[in-house]
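Chain and residue survey
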Amino acid sequence: MYAFDYQRPAGLDEALAALRAGEDVKVLAGGQTLLPTLKQRLAQPSALVDLAAIPELSRIEHGPYFLTIGAMARHAEVAASPMVAEAIPALAELAGLIGDPAVRNRGTIGGSIANNDPTADYPAACLALGATVVTSTRRIAAEDFFTGLFETALAEDEVILAVEFPVGARAAYRKFRNPASRYAMAGVFVAARDGEVRVAVTGAGQGGVFRWNDAEAALSADFSPAALDGLTLDPSDVMADLHGSAEYRAQLVKVMAKRAVAAIAS
Amino acid sequence: MNFSIDGHAFSAEPHPGQCLRTFLRERGDFGVKKGCDQGDCGACTVWVDGAPIHSCLMPAFRAADRKVTTIQGLASGDALHPVQQAFLDAQAFQCGYCSAGMIMTIAALDETQRADLPRHLKGNLCRCTGYAAIHDAIDGVVNVSDDIAGNACGASLPNPFGPGIVTGHARYTMDLDVAGLTHLKVLRAPHAHARIRSIDKAPALAVPGVLAVFTWEDVPRRLYSTATHEDHLVDPDDTYMLDDVVRFVGQRVAAVVGESEAAAEAGCRALTVEYEVLPAVFDPELAMAPQAPVLHHKGGEAHGNVFAEIRGEVGSIAEGFAEADAIHERTYTTSRVQHVHLETHGSIAWKSDDGRIHVRTSSQAPFIAHEKLCHLFGFIPADLHVFTERVGGGFGGKQEMLTEDLCVLALLKLGRPVKWEYTREEQFIGASTRHQMTTRVKLGAKADGTLTAIEIRVVSNTGAYGGHGSETLAASLSSPMSAYRCANKKGEGFVVYTNMVPGGGFRGYGASQSTFAIECAMDDLAKLLGIDPFTLRRRNMVTADDWIEAIWSGVSDVEFGSYGLDQCMDLVEEALATGPRRPVPAGEHWAEGTGIALAMLESGPPTEHRSGAVMELLPDGRYHLAVGSTEMGNGSVTSHRQLAASVLGARAQDIDIINADTDKAPFDTGTFASTGTVVAGQAVMLTATALRQNILSYVARITATKPDDWALEADAVVGGNARISLVELHAKGTAAGHRFLAKRKAYLSPRTVAFNVQGIRLAVHRITGDIEILQSVHAADIGRLINPMQCRGQINGSIAMGLGWALTEHMDYDDTGHLKNAALRNYRIPSFADVPRTQILFADTYDTIGPLGAKAQGECAINPIAPAISNALFDATGVRFASLPFTPDRIFDQLQPRP
């Protein structure tokens, strides 16, 4: 890597002060994306502010209406949490499918959504479940939080504290991991609540995570895999790269959506 | 900051920006390995507070006040952790480089996680084993057998370095602390073809910690080839250590030496280079065209960009096709792939007090590297010592001299020890690859399937330099063509320079590429004729009574030391019909199919190959064996001990062994082309036989008997009721001036042949393109099994590598010659989840040429894998997938209805 300053504040105020203190200061959450990025010199911050010593950021709480997951909660903790398993089992399952065990032992939900990699898993869950991102200054609906590839509504000196997920939806997540790229080439999170169905897609959108409105409408009318048979996702909005064409990804999204619906229906 | 590493508490300040992996290794915790430095391979896995993490992705400061456990701290004193013991019992490693990380991950799994290994082992890659032995270890399977004196051959004996591997104490090339070490890094070319106008060293030399910069003006202007062969003339001398013309993206431009890796890297970034960009060509067909830019003007070897053309015809294919009832013709292409041995290339060079130069390197051919360094620098051979420690995988990639030369250059200029270790990215852009080949196959046959003509045309994209180019092409035209009996055969091939990363040796060596083409074409022909693929092959495959002939009518030194292809075919057919398989996955859009392919490979190369061994009886009654060949995970150290022990009536564990060291072992051409058993093993057998004769003759002399009256046992010579312990004999003999020493050489000729047949049953999803292997069956005719466990290990590893080639691996370039996936994150080698268990079966043969009945077994098993999968896809879908790899998106694209 290269030399940079390191700060390990014990409280949120101290962390925010550190973020404002210098040019190009970055937050260090789990580091599973940031460290490779630094090693490749794709980012060269002057200092890193490590959030690991702020205990309240790792909390997971289950209230009557919301499951609240602290920004520094690690994927392995979310996957293993009895509270998450009870409140939103699909979310626990999703967390257990991220990366590999070593990555799950370090990576955090806050880091994942702040990075907003177009192939990341959590953004699909946030969007489908109608989560709210709680930051050091405000509350942001997931719809407004993810603004583009690797882009979010976060300001430079704003820190994610937690993600609030409404409980009570029936939900499932299915992803197709391309064997040649390892990444989700189509991850579909389906959530159904009181007749309203949300279908959020990751890994395939040119602008990052998105909701598939046609599928939502079809499933709201008839919640069954067959309801999607007549639909086709418009390939012109779908990502193409060395691992697959837009047409291919569009088909993958449909297959994964049908599998998620089937999983909920069973 | 306070650290606790493996129970040792201490205070230290990591460098700013340092990751935990380099922090641990700087302290001498060499059990923690570097495989990728990007969190993709798992070789550096350690525990932090009991949870496994990638230590390359954790800043060192984050480990402060936490409890770090490495592989070296996993055992409790002398008591191994149960997973370490399980790895020994199952011998769940070959090169062992991944074992430290693999064990740390597995040791942290709970029972639930063990029930879902594909998911929980996703982060740990192994390139050698195909994961079968690792799965065995997790299941508590004991694969090793007892080491009984006189019965070493044929027993599944463990690797003598196993305890070091599972505890992290085995030392690989870079696991060495050298006082005053300097670090070398190179700047690599950003252009596919360019002339270097100028290099300004000053900004690099101004970087703190930079000691020196070397450019093309600082190196001996002497041409050579990085490929290592005994006969250097088989490769074109087309390379300078540093050149003023770069011919591929990633070629060396300049070397910077610094006090630290960071300083050397900063120096590389600071260099100012002015390039004159030249036209580039990437496609070999275009490179053969008259107007193409010509890459090399260095001598007579190249004809335009074609530096080698090979042709031959036996019989008359014109007549053969004229008498055919059916003709099939199609082009098949294979992809450029990388070896991905987990230990990257690297060397360390230093000078001893007596002025001699020592090079510790990760090489399959240290003796040839020694010769090349003498050639480049004008050394007297005795002044140079080249050797290996444990080598973390090779697969042909280390049949090159890629790092030794610049380390020696810097050592000579600076007088200080120099180390150069490749990054994973450099493995992809600056090492060798499998030659991309395009093969046109034309087959003619009678209605009953009898072949009347076989014609192939191979175009090999050798990239910017021609190492291994002509030899891999010759191999592609050789054994795959010999595998079928046909009166009329013709082949022609071209090795073409392009502005791509160079090709090199790679397990299967050219034969893999044309086997893919010919075996796919045989199934295409079978379909055309309406004949079952087994029947078509049996009707035409070479039999023990046939003359072995490819496309040349001249005589060769290849013959059947044994023949078991017929058995292999029967074994695979039977197993496919009756063996265990998984069901087709539930849901719509799945199609099922089966496919087979056969492969024949000569045991050893047509080029010169020799080896040597020295053996000695030691005062304590044990033996010492020195053999020149490299152990890189292929198991040769284990099997060589077994060969020697078998001859000497000893136990394998009674034999100490060293290898691959130009000071301490006799010359060996190199461990490649499946020669570890048939050449180096032959040298060991001859040497052990000579030592046995030496011992028995001495006993006969002092007892006034005949040597035949005596036999060697584990600790003694025995004749009738008389028994003299080896300890006593050694003492007596040495006192009398006798020397219990023997040395022999082995030369490869004649060469025998080995056979492999693969059967695959798979299901393919027509929309997602997902392929599920439902059944994998492999039969091998590799003669007598010196070590059945290791033979299965080599085959499992070959199959996994073949699956990677067939299904996922592909070096993907943009139109300016830049590699788009130069990382393990998007260049995917198979992980645990991707490799099904294979039912491995062996033909019952005993070779009359190879040592103690054995023949080659390290390479050939990869060759039938990709075509068997293509044939199964063809059976399932009716569509021929003729280009590797069969990635899901390509499956989808080809299965779409065509307008």
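Residues numbered from 1 in each chain as written. Chains lettered and ligands numbered in written order. Predicted model: local features only at pLDDT ≥ 70, side-chain atom pairs only at ≥ 80, totals over all residues.

Some remarks on the overall build of chain B
Along the backbone of chain B there are 25 helices and 33 strands. In terms of overall dimensions, chain B is globule-like: its C-alpha atoms have a radius of gyration of 27 Å, near the 29 Å expected for 899 residues. Along the three orthogonal principal directions, the C-alpha set of chain B runs to about 80 × 75 × 60 Å. The buried share of chain B, reckoned over its 899 residues, is 63%. Here the analysis covers contacts within chain B between residues at least 6 apart in sequence; of these, 81% occur between residues at least 24 apart. (Helix = DSSP H or I, 4+ residues; strand = E, 2+ residues; numbered from the N terminus. Rg over C-alpha atoms; globule rule 2.2 N^0.38 Å. Buried ≥ 20, exposed ≤ 12 C-beta atoms within 10 Å, placed from the backbone. Contact = placed C-beta atoms within 7 Å.)

Thoughts on the overall build of chain A
For chain A, the helix and strand inventory stands at 11 helices and 14 strands. In terms of overall dimensions, chain A is globule-like: its C-alpha atoms have a radius of gyration of 18 Å, near the 18 Å expected for 266 residues. Taken over the C-alpha atoms alone, chain A extends approximately 55 × 45 × 30 Å along its principal axes. Counting all 266 residues of chain A, 55% fall into the buried class. Considering only contacts within chain A whose residues lie at least 6 apart along the sequence, 60% involve residues at least 24 apart.

Structural notes on the sheet that holds strand β5 (residues 67-69) of chain B
Residue and element names in this part refer to chain B. Strand order across the open sheet formed by five strands is β2-β1-β5-β3-β4, with mixed pairing between neighbours. Looking at strand neighbours, the two that pair on one side only are β2 (8-11) and β4 (51-54), the edges of this open sheet. Sheet twist, expressed as the mean angle between neighbouring strand axes with direction ignored, is 35°. Contacts from helix α3 (residues 99-107) reach β3 (45-48) and β4 within the one sheet, and its direction differs from that of β3 by about 40°. (Pairing = 2+ DSSP bridges. Axes fitted to C-alpha atoms, helices over the stretch in contact; angles between N-to-C directions.)

Regarding the packing of helix α12 (residues 366-377) of chain B against helix α13 (residues 404-414) of chain B
All names here are of chain B. Orientation of α12 relative to α13, taken along the N-to-C sense of each, is 45°, at an axis distance of 10 Å. Comparing their axes, α13 and α12 come out oblique. When you trace α12 past α13, the crossing you get is right-handed. Between α12 and α13, the residues in contact are Ala369, Leu373, Leu376 and Phe377 and Glu404, Asp405 and Val408, respectively. Considered class by class, the residues forming the contact of α12 with α13 number five nonpolar, no polar and two charged. (Parallel < 35°, antiparallel > 145°, perpendicular 65-115°, else oblique. Left-handed = near helix turned anticlockwise from the far one by under 90°. Nonpolar A, V, L, I, M, F, W, Y, C, P; charged D, E, K, R; others polar.)

So, the domain arrangement of chain B
All names here are of chain B. Taken domain by domain, chain B holds domain 1 (2-167), domain 2 (182-278 + 342-393 + 398-430), domain 3 (433-605 + 750-895) and domain 4 (610-747). When each unit is reduced to the centre of its C-alpha atoms, the spacing between domain 3 and domain 4 is 38 Å. At the junction of the two partners, domain 3 supplies 18 residues and domain 4 supplies 18 residues. Here the side of domain 3 that touches domain 4 is composed, by residue class, of seven nonpolar, nine polar and two charged. (Domains from an automatic or database assignment.)

Regarding the interface of chain B and chain A
Contact residues are listed per partner, giving 39 residues for chain B and 33 residues for chain A. Grouping the amino acids of the side of chain B that touches chain A by side-chain chemistry returns 14 nonpolar, 15 polar and 10 charged.

Side note on the pairing of strand β30 (residues 741-747) of chain B
Residues and elements named next belong to chain B. Side-chain alternation along β30 places Ala742, Arg744 and Ala746 on a buried face and Leu741, Lys743, Lys745 and Tyr747 on a face that remains uncovered. Here strand β24 (residues 610-617) runs beside β30; their pairing, made up of seven bridges, is antiparallel. Residue pairing for β30: Ser611 is matched across the bridge by Ala746.

Observations regarding the sheet that holds strand β13 (residues 196-202) of chain A
Residue and element names in this part refer to chain A. Here four strands make up an open sheet; going across it, the order is β11-β12-β13-β14 and the pairing antiparallel. Either end of the sheet is taken by a strand with one partner, and the two such strands are β11 (170-177) and β14 (210-211). The pairing of strand β12 (residues 184-193) with β13 spans seven bridges and is antiparallel. In the sheet register, Gly187 faces β13, and the bridge partner there is Thr202.

A short note on the pairing of strand β28 (residues 716-719) of chain B
Residue and element names in this part refer to chain B. Strand direction decides the pairing type here: strand β27 (residues 711-712) and β28, joined by two bridges, are antiparallel. The residue of β28 that forms the bridge with Ala711 is Val718. Count of turn residues in the β27/β28 antiparallel hairpin: three residues. Bridge analysis of β28 against strand β29 (residues 722-725) gives four bridges, and the strand direction is antiparallel. If you follow Val718 over to β29, its bridge partner there is Arg723.

A short note on the domain arrangement of chain A
Interface size is often expressed as the accessible area that is lost when the parts come together. All names here are of chain A. When its domains are assigned, chain A resolves into domain 1 (5-50), domain 2 (57-166) and domain 3 (170-265). Taken over C-alpha atoms, the centre of domain 1 sits 19 Å from the centre of domain 2. By residue number, the principal contributor to the side of domain 1 that touches domain 2 is helix α1 (residues 12-21), which donates five residues. The class makeup of the residues in the side of domain 1 that touches domain 2 is six nonpolar, four polar and one charged.

Looking at the environment of Pro179(A)
Residues and elements named next belong to chain A. As for its position among the elements, Pro179 is in the loop between β11 and β12. Assessed through the 23 C-beta atoms surrounding it within 10 Å, Pro179 is described here as buried. For the pair Pro179 and His243, spaced 64 residues apart in sequence, the C-alpha to C-alpha distance is 9.4 Å.

Digging into the environment of Leu373(B)
All names here are of chain B. Along the chain, Leu373 falls in helix α12. Given 25 C-beta atoms within 10 Å, Leu373 falls into the buried group. Residues Leu373 and Glu421, spaced 48 residues apart in sequence, show a C-alpha to C-alpha distance of 18 Å.

Considerations on helix α19 (residues 565-578) of chain B
An α-helix turns once every 3.6 residues. As a result, residues three or four positions apart point the same way. All names here are of chain B. Taking 1.5 Å as the rise per residue, α19 with 14 residues should run 20 Å; its terminal C-alpha atoms sit 20 Å apart, in good agreement. Of the residues making up α19, those classed as buried are Leu565, Cys568, Met569, Leu571, Val572, Ala575 and Leu576. Down the axis of α19, the smallest arc covering the buried residues is 165°, so these residues share one side. Of the exposed residues in α19, the ones pointing more than 90 degrees away from its buried face are Ala577 and Thr578. Contacts from the buried residues of α19 go to α18 (533-540), β23 (590-602), β31 (753-765), β32 (771-781) and β33 (839-842). (Expected span 1.5 Å × (residues − 1). Arc of directions from axis to C-beta.)

Quick word on the packing of helix α20 (residues 636-648) of chain B against helix α21 (residues 675-703) of chain B
Residues and elements named next belong to chain B. Taken N-terminus to C-terminus, the directions of α20 and α21 make an angle of 30°; their axes are 9 Å apart at the nearest point. Overall, the two elements α20 and α21 adopt an arrangement that is roughly parallel. Here the hand of the crossing between α20 and α21 comes out right-handed. Here Ser636, Ser639, His640, Leu643, Ala644, Val647 and Leu648 of α20 lie close against α21, whose contacting residues are Gly676, Thr677, Ala680, Gly681, Val684, Met685, Ala688, Thr689, Leu691 and Arg692.

Brief notes about the confidence of the model for chain B
Taken over all residues, the pLDDT of chain B has a mean of 96, while the share at 70 or more is 99%. Taken together, the chains of this predicted complex give a pTM of 0.96 and an interface ipTM of 0.95. (pLDDT = per-residue confidence, 0-100.)

Points about the environment of Gly110(A)
All names here are of chain A. Note on placement: Gly110 falls in helix α7 (residues 109-115). Placed 120 residues apart in sequence, Gly110 and Gly230 show a C-alpha to C-alpha distance of 37 Å. Beyond its immediate sequence surroundings of up to four residues, Gly110 is in contact with Ala29, Ala71, Met72 and Ile160.

A short note on helix α9 (residues 261-270) of chain B
Looking only at α9(B), the buried set comprises Ala262(B), Ala263(B), Ala264(B), Glu265(B), Gly267(B) and Cys268(B). Against β6 (182-188), α8 (202-205), β8 (210-214) and β10 (252-258) of chain B lie the buried residues of α9(B).

Focus: unusual backbone geometry
Residues and elements named next belong to chain B. Along the chain, Ser749 connects to Pro750 via a cis peptide bond; the corresponding omega equals -5°. By the element assignment, Pro750 lies in the loop between β30 and β31. In this structure, the amide linkage connecting Leu884 to the following residue, Pro885, adopts the cis form with an omega of -5°. Within the fold, Pro885 resides in the loop between α24 (865-877) and α25 (888-895).

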